[in-house]
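# Survey of secondary and tertiary structure
Here is what each chain is made of, one letter per residue.
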Amino acid sequence: MVLAGLFASMLFIGLILGDWLYFVRFTPDAIRYGCSVARTQDRWTASAIETVRSRFSADGVLMLPHGVARFYPDVSQIAIRPKYRFFSIGFRSAWPVKGLIHLSAGGQAGDHMIEALCVKRIPWSSALMTLLWFGVVLIGSLVFVVAYALDGGFASLEGVFMGVGLVAGALLVLAAGLVTVTMSYRLEHNRLMQVYEELRDALGGAVHPSSSPVTP
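Being a predicted model, the structure only gives us computed values, none of them experimental.

On inspection of all chains with the given rule, the structure shows 6 aromatic pairs. When the ring of Phe56 is compared with that of Phe71, the centres are 5.5 Å apart and the planes differ by 25°; the resulting orientation is stacked. Residue Phe56 is located in the loop between α2 (49–54) and β2 (61–64), and its partner Phe71 is located in strand β3 (residues 67–72); the two are separated by 15 residues in the primary sequence. In terms of burial, Phe56 and Phe71 fall into one category: buried.

As structure tokens, then:
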């Protein structure tokens, strides 16, 4: 049993590491990998996609102060991500964010604008583990309350106080988890948007940015 548990733990950790390592790769298939969480609609002042191509190196890479971008001319897409250092002294959360920018010509002739849609993604392991954690805590709390009530736990004043205290503790755990996820995502999102702004400045700027959550 101990060996089975150790093997399962190592396999679980290996799957998470594999998911993260694949998530940060810049291969054509890996740039679309991850759970889509948000998007940013923008308009860049570059005159044409060829202008964008000229800012990148021969292998399509553009190094930025806080990240890296790679251009895929065949599909008119740019992948961006912050610089990930697994052993950095800086804080890294469990919800890293990367972006894939879809480029298209402006809507009007002579507009000299490029439409840019940036789709933001997090690793699948981060999304699934977050949903699983919240699901276990929420469902476990509901099952406990129902079982406690059926066993007559609320029949006495002392039982009521104990039940309310346990429910309050569960709600506190949920609130702490929600705050942790929200703050961590904001931190990683701001890091990605810093790279996005650096890319936009390097390519000539943009106008009329807007952001909205992804709709399935």
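Let us now look at the packing of helix α1 (residues 2–23) against helix α3 (residues 124–150). Running from amino to carboxyl end, α1 crosses α3 at an angle of 130°, the nearest separation of the two axes being 8 Å. Put simply, α1 runs oblique to α3. For the pair α1 and α3, the contacting residues are Phe12, Ile16, Asp19 and Trp20 in the first and Trp124, Ser125, Ser126 and Met129 in the second. Looking at the contact of α1 with α3 residue by residue, the class counts come to 5 nonpolar, 2 polar and 1 charged.

Per-residue confidence for the protein gives a mean pLDDT of 84; residues scoring 70 or more make up 86%. This model gives residues 206–216 a pLDDT under 50, and the stretch forms 28 contacts once residues within four places in sequence are excluded.

Our focus in this paragraph is the side chain of Asp19. Within the secondary structure, Asp19 sits in helix α1. Put simply, Asp19 is tucked away with no salt bridge, and the nearest opposite charge, on Lys98, sits 8.9 Å away.

We now examine the nonpolar core. Counting residues in each nonpolar core, the largest one holds 26 residues, and the members touching the most others are Trp44, Phe56, Ile78, Ile80, Ile101, Leu103 and Leu199. The set of elements that each furnish at least two residues to this core consists of β1 (35–44), β2, β3, β4 (77–82), β5 (98–105), β6 (114–122) and α4 (157–202). If one sorts the elements of this core by residue count, α4 sits on top with 6 residues. Each residue touching Ile78, except ones within four places of it in the same chain, is listed here: Trp44, Val52, Phe56, Ala69, Arg70, Phe71, Gly99, Leu100, Ile101, Leu103, Leu199 and Leu203. Ranked by size, the runner-up nonpolar core spans 6 residues in total, among them Phe26, Ile31, Val68 and Ala79.

Thresholds applied
Residues numbered from 1 in each chain as written. Predicted model: local features only at pLDDT ≥ 70, side-chain atom pairs only at ≥ 80, totals over all residues. Heavy atoms only, no water. Phe/Tyr/Trp six-rings, centres within 6.5 Å; stacked < 30°, edge-to-face > 60°. Helix = DSSP H or I, 4+ residues; strand = E, 2+ residues; numbered from the N terminus. Buried < 20%, exposed > 50% of the residue type's maximum accessible area, 1.4 Å probe, protein only. Axes fitted to C-alpha atoms, helices over the stretch in contact; angles between N-to-C directions. Parallel < 35°, antiparallel > 145°, perpendicular 65-115°, else oblique. Contact = heavy atoms within 4.5 Å. Nonpolar A, V, L, I, M, F, W, Y, C, P; charged D, E, K, R; others polar. pLDDT = per-residue confidence, 0-100. Lys, Arg positive; Asp, Glu negative; His and termini not counted. Salt bridge = Lys/Arg side-chain N within 4 Å of Asp/Glu carboxyl O. Core = buried A, V, L, I, M, F, W, Y, C linked by side-chain atoms within 4.5 Å.

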